Amino acid sequence: MKYQVDANGYYGKFGGAFIPEMLYPNVEELRMNYLSIIESPEFKKEFDYLLKNYVGRPTPLYFAKRLSEKHKAKIYLKREDLCHTGAHKINNTIGQILLAKRLGKQKIIAETGAGQHGVATATVCALMGMECIVYMGKLDMDRQRPNVERMRILGTKVIPATSGNMTLKDATNEAMRHWINHPTDTHYIIGSVVGPHPYPDMVAKFQSVISEEIKNQLIGEQGNPFPDYVIACVGGGSNAAGAYYHFLNDEHVNLVGVEAAGKGVDTNESAATTALGKIGILHGSKSLLMQTEDGQVIEPYSISAGLDYPGIGPLHSHLFDTGRVQFVSATDDEAMESGIALSRLEGIIPAIESAHAVAALAKLNLEQDDVVVVNLSGRGDKDLETYIRWGKY
Ligand SMILES: *Cc1c(COP(=O)(O)O)cnc(C)c1O
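Residues numbered from 1 in each chain as written. Predicted model: local features only at pLDDT ≥ 70, side-chain atom pairs only at ≥ 80, totals over all residues. Heavy atoms only, no water.

1. Some points on the sheet that holds strand S6 (residues 131–137)
Working step 1: With respect to topology, 4 strands assemble into an open sheet ordered S7-S6-S5-S8, the strand pairing being parallel. In this open sheet, the two edge strands, each paired with only one partner strand, are strand S7 (157–161) and strand S8 (186–189). Strand-to-strand, the axes of this sheet are offset by a mean angle of 25°, without reference to chain direction.
Working step 2: Here 5 bridges tie S6 to S7, and the two strands are oriented parallel to one another. Bridging from a neighbouring strand, Ile133 pairs with Lys157 of S7. (Pairing = 2+ DSSP bridges. Helix = DSSP H or I, 4+ residues; strand = E, 2+ residues; numbered from the N terminus. Axes fitted to C-alpha atoms, helices over the stretch in contact; angles between N-to-C directions.)

2. Considerations on the packing of aromatic side chains
Working step 1: Within the structure shown, the criterion is met by 8 aromatic pairs.
Working step 2: Ring geometry for Phe47 and Phe206: centres 5.4 Å apart, planes at 55°, overall tilted. Of this pair, Phe47 sits in helix H2 (residues 41–55) while Phe206 is found in helix H9 (residues 199–207), placing the two residues 159 residues apart along the sequence.
Working step 3: In this structure Phe47 comes out as buried when scored by relative accessible area, which is 9%. (Phe/Tyr/Trp six-rings, centres within 6.5 Å; stacked < 30°, edge-to-face > 60°. Buried < 20%, exposed > 50% of the residue type's maximum accessible area, 1.4 Å probe, protein only.)

3. Points about the confidence of the model for the protein
Working step 1: Summarising the model, the protein shows a mean pLDDT of 96, and 100% of its residues fall at 70 or more.
Working step 2: Here helix H6 (residues 138–143) stands out as the least confident element of the protein, with mean pLDDT 89; strand S9 (residues 229–233) is the most confident, with 99. (pLDDT = per-residue confidence, 0-100.)

4. So, the pairing of S9
The side chains of a regular strand alternate, residue by residue, between the two faces of the sheet.
Working step 1: Within S9, 5 of the 5 residues are buried, which leaves it mostly tucked inside the rest of the structure.
Working step 2: Because side chains alternate across S9, one face comprises the buried residues Tyr229, Ile231 and Cys233, and the other comprises Val230 and Ala232, equally buried.
Working step 3: Here S9 runs beside strand S10 (residues 254–262); their pairing, made up of 5 bridges, is parallel. Paired with Ala232 across the two strands is Gly257, which belongs to S10.
Working step 4: Of the crossover connections in this fold, the one passing from S9 over helix H11 (residues 238–244) to the parallel S10 is right-handed.
Working step 5: Note: S9 against strand S14 (residues 371–376), 3 bridges, orientation parallel. (Right-handed = clockwise from strand over helix to strand, strands pointing away.)

5. Overview of unusual backbone geometry
Working step 1: Of note, the bond from Arg57 into Pro58 is cis; its omega dihedral lies within 30 degrees of zero at -5°.
Working step 2: Examined against the element boundaries, Pro58 turns out to sit in the loop between H2 and strand S3 (61–63).
Working step 3: Here the amide bond leading from His197 into Pro198 is cis, since omega sits at 15°, within 30 degrees of zero.
Working step 4: Its location among the elements puts Pro198 in the loop between S8 and H9.
Working step 5: Positive phi, close to 75°, is recorded for Thr85, a residue that is not glycine.
Working step 6: Take Thr85: it is sitting in the loop between strand S4 (74–79) and helix H4 (89–102).
Working step 7: Overall, the relative accessible area of 24% leaves Thr85 in the partly exposed class.
Working step 8: Backbone geometry places Met166, a non-glycine residue, at a positive phi of 60°.
Working step 9: Examined against the element boundaries, Met166 turns out to sit in the loop between S7 and helix H8 (168–181).
Working step 10: We classify Met166 as partly exposed; its relative accessible area is 29%.

So, in structure tokens, the structure goes:
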């Protein structure tokens, strides 16, 4: 159980729960109850039902013939882009809202950067008839208008965070403050494998359905559950955690994480945490972070809003530290070119986050017989403006 969280909430030297004293009761309530709830048969039944009939799972594992010819390997795409709302994030928000109900909560809060997690949260709150508030940096609200309106249509109140840079970090601070002030009736849905313990473990478990399905689907495709490679992009790390989860102890399966290099890891405009980060504390856990000499968080940059996060979660920090996962990075241009290439080869326009994972195919020394699974975390509809602005197609 080398890669599982320990009893204190750590993955190796990363993780823990570094929270203000006033948040302690909320996080402790969650920690004491999450495993018994999510492992109960009654929870599993409702979770599985909704994943199947509401989200549309299992998502296909599609053999990408023309992409395979290009990269000279057997490449499969795990089609998380076909999930309801267009990405993997809904797997986690369904899990957390079912948990919140069982904890007796009536209200939900969340933070969002680009708005994808906000939309996934607003969606499940509408589904369950729960009141929802999403905090979003004011700058992000201006940049991501369609997602703001989606949340509003779904009945969610979107509150602008006007402190700091008015982006994700500031929205998270506001959400934490709200939670401190409303501890008994409110659950905070975090959108990735980040935050204080037990969030990273809980979110990884909800997303682990991805690798569970990959294993079953590969048995059907090739008679054995193991690929040679699993590739996923890493923002906070939730789609990657889900795609790796059931392969973590199978060391012969190469796991690859793809970070956003932005304009390049040597420019000051990047989000490649494993290349640039040092150990530090952000959003309640100890992990790798991009920070200045004196520990101030550096504002990350990527063309892809979902990878524009200054850290990676504690599980991924540990997987990097132990060498279990090979981390590579892809620049804005490499990702955009890969997104266009996938569109032309397979008729699938990927989210720009997912295009980073596709870009890694050219960076690995693949062999003809290698079975490679690329986790296609989301679809490109939300990124149309960015594709248009980039323009080279
Ligand atoms: C949010 C998002 C990501 C990044 O988040 P992770 O927690 O690293 O998975 C990746 N892809 C898509 C499509 C997203 O919406």
